[in-house]
Structures are given as C-alpha cells and as structure tokens.
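# Architecture at a glance
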Amino acid sequence: MIEAPRHIIDVEQLREPELQAHLLERAAEFQAMAPADYPKPLQHRQVATLFYEPSTRTRLSFDTAAKRLGAGVPSTENAGEFSSAAKGETIEDTIMTIQGYVDAIVLRHKDDDSSERAAAVAGVPIINAGSGKAEHPTQALLDLFTIKQEMGQVEGLKIGMAGDLAHGRTVHSLVKLLRDFDGVQIIGVAPDCLAMPEEYRQPEDVYVDRLDEVIGEVDVLYMTRTQLERIDDEAVVAEFSKQADNFKLTNRRANRMKPTARILHPLPRVGEITKKVDKNPRARYFQQAHNGLFVRMALLEWVLEDAA
Ligand code: NCD
C-alpha cells in the first residue's frame, strides 16, 4: 500500500498529542547525543531546501539536521532569484519537477497558501519552513520545546508576545500550539496598528500597548521584529516607529522581569532587544535557535520514516 506523504503544512498537525510527544522526546534525545552517535536513517535520501525568502537559522538548521542524519541536501541559492521562478515558473511546476529528484522538500515562500499548494501536487513530503504571515510550524515546535525545557512545564504560564503580532507567522503558529496547555494566558504587547488578528485571540488573553505594563508579570517573553517586508502601508511603519521604544527590551527592562522568566525571540532581531540583554540570565534566544537543529532532526526522521 502506498501511504500519503507525511507533509508538515501547518501547526494543527503538530497539536496531535502522540505525535507532539514523540517529536519533543526525540528532539531531547538528539540534543543529549554526541554528533558521532547520531543514527543515519536518512542515508540514501535527499532533502531539498527551496527557500524563496531569506533565511539563516531555518535553512541552515534543516540543512544540518538532514546531513547529520545521513541525507544529501540539494538546494538553490535564493530560489526566488535563482530558480526558474525568476522566469515565471509556478510553484506547482517547480515542485512537480523537484519531487522527481528528492525524497522531501523544505519550502519557504511569501504566500500564505504556498505549502498547501505545493503539497497538493507533491508526491514527496512538503515541510513548511515559513509560509507568508500564516504559518511557521517547525518554528512553533522548537519554541514549544524551548519553553518546556526552560520552564519545566507550559501549563499555567503567562506568555508575553511583543512586537509585530499582525504579520509575525511565528507568533501565529505558536499561539495555536500553546492553546492546548491548561491555564496558559497570552499577553500581547503591540501597537494598535500591528495588533494580533482576531482569529488568534481568546477571551482570557490580555492585550496592552507597552512592555512596561506587563514586564514584571510574564513567565516567558517572546519578542519579535517588525515584518517590514510584509507591510505596504507607510503610515503603519511611521506609527510603529513612533512607538518603538514601548516595545524595545532594554536590559533595564529585562531586569524588572521575574528572575525565573525567560526571554525568547525567533530571530533575526533588528533592534528590539538590545545587545546588553544577551548577558542577562533570562536570555535564551540563541539556545532557542540551537534547539531548532534537534527539533528538525526529529521532524525529518519522522517525515521520512516509512518512505520507500
Ligand atoms: C522568522 C521567520 O522567518 O518567520 N525567522 C525564523 O524562521 N527564525 C522570524 C522573522 O523573520 O521575523
């Protein structure tokens, strides 16, 4: 029997308790292993990385994760510019072609529905590495992994999310995952012009427009950058710039957080966390980025587990 490919299109799939528990446990196992001890279940497999948008962490961690597990990783430098997309090829045609060469495709694209469209024509797994402002499921899983590891548990946490809550796909995917844990409260910190869309809100959430209002209350502070490339309206950019200091995490502000609180950021940061905060014992964003490697190893291993 030929099974359907194990795509990872959105975070809904990663909410399934058994799968989520397996992936988080497996990521922790990889984290504890010496690289020389990694198994090589992806030997003879090829995992393409097809990125139409810039990336540092996601692409390099997927690339490294695949190679650590034995796979080859064919890739095109900046797919939007250097692949046939520059000649007008549709994403469907590109996927139809590449699937003939590889066993899985890691895709990042500016369109919200890009991964769905790719999966609709793909005979190999599509792994969404960021689709527009809608979804970044693998980032949400590594964020969850980091929160669990840093805080011991997710239940009952007050999770602050600050910055561009309107366009940040990492925030949109992460809030959906966090809803499954009892007593989690989201405390959104954003100017009105970059507020969290209704569809991601719950009645128990709190929304404010400056960090100072909630800095001493949150257990986790998830900072984000302003997604300038997704904002057409110059008035919004001007409005945000005027208020930017209200959302900036300085070390003075960080020191007002609970001693047990943790600061996360999907990165890249562009000024919303000052350099001094890096030495603050609450800062965990580089550890969070490292965790991406282990979570993506677990994901790739699962996605390709039963592939012929
Ligand atoms: C994020 C993304 O691409 O959505 N980066 C990442 O994958 N770690 C966040 C961002 O670009 O702001």
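For the structure given in this document, a descriptive report is provided here. Note that the structure is a prediction, hence the values are computed from the model and not measured. (Residues numbered from 1 in each chain as written. Predicted model: local features only at pLDDT ≥ 70, side-chain atom pairs only at ≥ 80, totals over all residues. Heavy atoms only, no water.)

### Examining the site of the ligand
This is how it is decided: Any residue with a heavy atom positioned within 4 Å of a molecule or strand is treated as near that molecule or strand. Polar contacts here mean pairs of N or O atoms no more than 3.5 Å apart (in protein, one a potential hydrogen donor and the other a potential acceptor; neighbouring residues in sequence count only if both atoms are side-chain atoms). To measure how exposed things are, a 1.4 Å probe is used in the Shrake-Rupley method; for residues, cover is taken only from the protein chains shown. Residues were grouped as follows: Ala, Val, Leu, Ile, Met, Phe, Trp, Tyr, Cys and Pro as nonpolar; Asp, Glu, Lys and Arg as charged; and all remaining residues, including Gly, as polar.
Surrounding the ligand, one finds Thr58, Arg108, His136, Gln139, Arg169, Thr170, Arg225, Gln227, Pro266, Leu267 and Pro268. Contact distances for the ligand include 3.0 Å between an oxygen atom and a side-chain N or O atom of Arg108. When the ligand sits alone it has 320 Å² of accessible area, and the protein chains cover 94% of it. Split into classes, the residues belonging to the shell around the ligand amount to three nonpolar, five polar and three charged.

### Things to note about the side chain of Ser131
Spelled out, the test is: Secondary structure follows DSSP: runs of H or I at least 4 residues long count as helices, runs of E at least 2 residues long count as strands, and numbering of each begins at the N terminus. When accessible area is computed with a 1.4 Å probe and restricted to protein chains, residues below 20% of their type maximum are described as buried, those above 50% as exposed, and intermediate ones as partly exposed. Any two residues having at least one pair of non-hydrogen atoms within 4.5 Å are treated as being in contact.
Relative to the assigned elements, Ser131 resides in strand S4 (residues 126–131). The class of Ser131 is buried, set by a relative accessible area of 2%. Setting aside anything within four residues of it in sequence, one finds Ser131 in contact with His109, Asp111, Asp112, Ser114 and Arg169.

### Some words on unusual backbone geometry
Pro268 follows Leu267 through a cis peptide bond whose omega is 10°. Inspection of the secondary structure assignment puts Pro268 in the loop between strand S9 (262–264) and helix H10 (285–303). For His44, which is not glycine, the phi dihedral falls at a positive 70°. Within the element layout of this structure, His44 appears in the loop between helix H1 (17–32) and strand S1 (47–51). On the basis of relative accessibility, which here comes to 73%, the residue His44 falls in the exposed class. The exposure class assigned to Leu267 is buried, which follows from its relative accessible area of 10%.

### What to know about the pattern of salt bridges
Condition: Every case where a carboxyl oxygen of Asp or Glu lies within 4 Å of a side-chain nitrogen of Lys or Arg is listed as a salt bridge.
In total, this model carries 27 salt bridges according to the counting rule given. Note that Arg262 is salt-bridged to Glu150, the shortest N-O span being 3.1 Å. Taken as a pair, Arg262 in strand S9 and Glu150 in helix H6 (residues 137–151) lie far apart in primary sequence, 112 residues in all. Overall, the relative accessible area of 15% leaves Arg262 in the buried class.

### Side note on the packing of aromatic side chains
Note the cut-off: Each pair of aromatic rings taken from Phe, Tyr and Trp, with Trp reduced to its six-membered ring, is defined by centres within 6.5 Å and is described as stacked if the planes are under 30 degrees apart, edge-to-face if over 60, and tilted in the remaining cases.
With the rule as written, the count across this model stands at three aromatic pairs. Ring centres of Phe30 and Tyr38 lie 6.1 Å apart, and the angle between their planes is 80°; on these two criteria the pair is classed as edge-to-face. We classify Phe30 as buried; its relative accessible area is 0%. For Tyr38, a relative accessible area of 6% corresponds to the buried category. Between the aromatic rings of Phe240 and Phe247, the centroid separation amounts to 5.7 Å while the plane-to-plane angle is 20°, which identifies the pairing as stacked. Judged by its relative accessible area of 13%, Phe240 falls in the buried class.

### Details of the side chain of Arg296
Note the cut-off: Asp and Glu are treated as the negative residues and Lys and Arg as the positive ones, with His and the ends of the chain left uncounted.
For Arg296, the position within the fold is in helix H10. With no salt bridge to any partner, buried Arg296 finds its closest opposite charge in Asp143, at an N-O distance of 7.7 Å. Within polar-contact distance, the side chain of Arg296 engages the side chain of Thr138 at 3.1 Å.

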